[in-house]
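# Understanding the architecture of this molecule
Residue strings, one per chain:
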Amino acid sequence: MAQPITISGVSKTFGSGTAGVQALQDVDLEVAAGEFVAIVGASGCGKSTLLRLVGGLAPPTSGRIEIGGKPVVEPSPGIGIVFQTPVLLPWRTVEQNVQLPLVIQRSGDAAQRIQDLLELVGLRGFERRRPYELSGGMQQRVALCRALVTDPSLLLMDEPFGALDALTREQMNLELQRIWLETGKTVLLITHSITEAVMLADRVVVMTPRPGRIREIIEVKLPRPRDFSALRDAAFHEACERIRMLMNASGFVE
Amino acid sequence: MMRRLGTMLYPIATLVALVVIWYAAVKLFHVPAYLLPLPGDVIERIREDFWFLLHHSWITTGITLGGFVLSIVIGVPLAIVLVASKTLERAVMPWLILSQTFPKVALAPLVVVWFGLGLGPKLVVTFLVAFFPVLVSTIVGLRSIEREMIELARAVRASTLQTFWHFRLPLALPNIFAGMKVSVAFSVVGAVIAEWVGANAGLGYLLLQANANLDTGLLFAVLVALMVIGVVLYYAVELVERLVIPWHSTIRLQNPTA
């Protein structure tokens, strides 16, 4: 079910001429089917732009992006996206928000599937609540369910936990890992947290800013399922240090 | 309920204070009744002419509501069209803004010349006075949608119509209601202006009559009637707003227990 992503020679420039800003330059990346890849980098390194290109929300200026061998030209039904903010519709209940993609695509109500998803993220019993009655973490879980409700083969996440407090964030990391292990989807996670990236990903892509380029790809060889006790693991530590060094070397200090 | 009464106490206290000052001023400076009648006299006049005032208030309320409804059924779709078409917006919007800079009171006689004396021209005048707030706030509401919300709509592959119906329009409702609340107050003003030219009934007409006869008591009675109409309609719109967008923060945060 999961699908591979092929990004080859992708550049993206916003605007044109001398006023143009190059967000991405010659990005090459292969993501295997079912792989969990995290992209880290400073603000403005184009990592969110890259995600939007993969999601078909914007076209690359040059280069090619393929998902499952098919070029990306527009948002495809096989992709679920989780944004930085939950962007839930306040007049819809939790259940109705999760249902939204199905309503738009007129593909039945799938009540059982919605129940299962809410169960998966621990939101049973909140079906009829409105978004404003939920905490930030719970809202982002609803957004995750909404992204998963069409059973996409690829999950794109744009700093989904950036606005959450540290504790909730760790909890969400563990949940995401569990969901990934259970569903086996391909995941592309944008984050600025090195710990989060190493904790979750099979490979961590380090990007450098202005223009956004891939600096290095680090493989994280830690057994699954991981938890935060792995923080003390030597391999974990080593990967984090390596990424931190790469980011600092590119003139970025967080 | 008790809290509600508590919050109502403040405006009532202000009213009482103003009436007391009014009364004291008239007594103290021996203001003649044709300039400023005593509060008691105004109340007496309202009681005396109650049915008469109610009849004319009814007519004015009709024109107010008619013009207000016109403002919505024309203002909201017009805003939608202007937001949808950049070209049309560039061509039309500057003139709409310009149209707001000259006094509508000056337009009223022209409308009478063009459309005659019936209900129609009165609705047109009221509409001209009241539609702009609805138009502007609807435009602002339709535009003020977050980037990620638009991206979400695109990611779930919503058509233009679906994006409008499921995202843009509901998200614009709080702004539309804000515009409607201004518009309903303007509608009362519009109705009075409409009745100043070529009417033989309504509170605007009564105002002119009272003025011509130096009947200050009646004048004040009419002002009170207009106030009541304005306040009732305003809160009616607010009530509808509560029912339609209970999810919006301006409403939720007012009564946290609800």
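With an unreviewed UniProt entry as reference, chain B is termed ABC transporter permease, source organism Vineibacter terrae. UniProt, in the comment section headed Subcellular location (unreviewed entry), describes chain B in these words: "Cell membrane". Under Sequence similarities (unreviewed entry), UniProt gives the following word-for-word description of chain B: "Belongs to the binding-protein-dependent transport system permease family."

The name given to chain A in an unreviewed UniProt entry is ABC transporter ATP-binding protein, with the source organism recorded as Vineibacter terrae. Its UniProt record gives chain A a comment under Sequence similarities (unreviewed entry), which states: "Belongs to the ABC transporter superfamily."

Attention now moves to the interface of chain B and chain A. Every contact between the two is made by 15 residues of chain B and, on the other side, 17 residues of chain A. Put simply, the parts of the chain that give the side of chain B that touches chain A at least two residues each are helix 7 (147–155) and helix 8 (160–196) of chain B. It is helix 7 of chain B that contributes the most residues to the side of chain B that touches chain A, six residues altogether. A breakdown of the residues in the side of chain B that touches chain A according to their chemical character gives seven nonpolar, two polar and six charged.

On to the UniProt feature "domain: ABC transmembrane type-1" (unreviewed entry) in chain B. UniProt records the feature "domain: ABC transmembrane type-1" (unreviewed entry) for residues 57–241 of chain B in the present numbering. Secondary structure across residues 57–241 of chain B comprises 87% helix and 0% strand; the distance between its end C-alpha atoms is 25 Å.

Moving on: the nonpolar core. Ranked by internal contacts, the top residues of the largest apolar core, which has 77 residues, are A38(A), A201(A) and V204(A). Looking at which element gives the most residues to this core, the answer is helix 4 (residues 136–148) of chain A, with six residues. Non-local contacts of A201(A), meaning those with residues more than four positions away in its chain, are made with F36(A), V37(A), A38(A), L189(A) and V220(A). Counting 49 residues, the second-largest nonpolar core is a separate cluster that includes L82(B), V125(B), I139(B) and A191(B).

Quick look at the pairing of strand 10 (residues 213–219) of chain A now. Residue and element names in this part refer to chain A. As paired strands, strand 9 (residues 203–208) and strand 10 are joined by six bridges and run antiparallel to one another. Bridging from a neighbouring strand, M207 pairs with I214 of strand 10. Counting the residues that bridge the hairpin from strand 9 to strand 10 gives four residues, and of these R210 lies at a positive phi of roughly 45°.

The rules behind these values
Residues numbered from 1 in each chain as written. Chains lettered and ligands numbered in written order. Predicted model: local features only at pLDDT ≥ 70, side-chain atom pairs only at ≥ 80, totals over all residues. UniProt positions renumbered as here; feature names shortened; annotations may be inferred. Contact = placed C-beta atoms within 7 Å. Helix = DSSP H or I, 4+ residues; strand = E, 2+ residues; numbered from the N terminus. Nonpolar A, V, L, I, M, F, W, Y, C, P; charged D, E, K, R; others polar. Core = buried A, V, L, I, M, F, W, Y, C linked by C-beta atoms within 7 Å. Buried ≥ 20, exposed ≤ 12 C-beta atoms within 10 Å, placed from the backbone. Pairing = 2+ DSSP bridges.

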